[in-house]
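# Examining the three-dimensional arrangement
Listed below, chain by chain, are the residues.
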Amino acid sequence: MIPRTDAQKKETDESGNPVFLDVGRWLKSELKSWWDKEHPGELVTIKYIDPTYMIRAVPANATDNLYCTLLAHSAIHGVMAGYTGFVSGPINGNYGYIPVAEVAEAKNPVSTMNHKWAWVRSVTNQPDFVKR
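Reading the values: the criteria
- Residues numbered from 1 in each chain as written.
- Predicted model: local features only at pLDDT ≥ 70, side-chain atom pairs only at ≥ 80, totals over all residues.
- Heavy atoms only, no water.
- Patch = residues over 30% accessible without salt bridge, like charges linked within 9 Å, V, L, I, M, F, W, Y side chains within 5 Å.
- Areas by Shrake-Rupley, 256 points an atom, 1.4 Å probe, with all protein chains shown as cover.
- Salt bridge = Lys/Arg side-chain N within 4 Å of Asp/Glu carboxyl O.
- Helix = DSSP H or I, 4+ residues; strand = E, 2+ residues; numbered from the N terminus.
- Buried < 20%, exposed > 50% of the residue type's maximum accessible area, 1.4 Å probe, protein only.
- Polar contact = N/O pair within 3.5 Å; in protein donor to acceptor, adjacent residues only side chain to side chain.
- Phe/Tyr/Trp six-rings, centres within 6.5 Å; stacked < 30°, edge-to-face > 60°.
- Contact = heavy atoms within 4.5 Å.

### Some remarks on a nonpolar patch on the surface
On the surface, L66, Y67, L70 and Y95 cluster together into a nonpolar patch covering about 360 Å² of accessible area. Looking at the nonpolar patch element by element, the count peaks at 3 residues for helix 3 (residues 62–80). Structurally, Y95 is set in strand 2 (residues 94–99). What makes Y95 partly exposed here is its relative accessible area of 34%.

### What to know about helix 5 (residues 115–124)
The N-terminus of helix 5 is capped by N114, whose side-chain oxygen sits 2.7 Å from the backbone nitrogen of K116. Taken from the residues just after helix 5, N125 is the one with a positive phi, measuring 60°.

### What about the packing of aromatic side chains?
Evaluated as defined, the whole model comprises 4 aromatic pairs. For the ring pair Y67 and Y95, a centre distance of 6.5 Å and an interplane angle of 50° mean the geometry is tilted. Here Y67, found in helix 3, pairs with Y95, found in strand 2; they are 28 residues apart in sequence, far enough to count as distant. Judged by relative accessible area, which is 38%, Y67 ranks as partly exposed. Geometrically, the ring pair formed by Y83 and Y97 is tilted, given 5.5 Å between the ring centres and 45° between the ring planes. Placement of the pair is Y83 in the loop between helix 3 and strand 1 (86–91) and Y97 in strand 2, with a sequence separation of 14 residues. On the basis of relative accessibility, which here comes to 47%, the residue Y83 falls in the partly exposed class.

### Some remarks on the environment of Y95
In this structure the C-alpha to C-alpha distance between Y95 and L70, which are 25 residues apart in sequence, comes to 8.0 Å. For Y95, the residues in contact, after removing those within four places along its chain, are Y67, L70, L71, S74, G89 and P90.

### Describing unusual backbone geometry
At N92, a residue that is not glycine, the phi angle is positive and equals roughly 50°. Position of N92 among the secondary structure elements: in the loop between strand 1 and strand 2. Given a relative accessible area of 79%, N92 falls into the exposed group.

Function cannot be read off these values alone, since they describe shape.
Following this line, the structure appears as structure tokens:
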């Protein structure tokens, strides 16, 4: 459990729900402490990227909502079945569990000269990152 002060325990949002601390920063510090204790002298780097920085440039539509719901349901079912080290994703029209090692093996380069990339940039309101 993340240690909180009494004042933090009483804090609520506008709806009256309790406000929780950032689990990411806590988890990062706990992992670092564990590593330093279990592996003295070995170097480890833990990066925490605040998920609020990963918000899309445009609002989600119904298709995005459905796709994310299917991915979430698939991931939760895998975790509840006891699987770890996987990502869920569509495989030939069915959702399945893909080992992280398999995902990390393959590379899928994106051609920035392709019309599909132009479409993605247009839909997400991204600038042109290509230096010409």
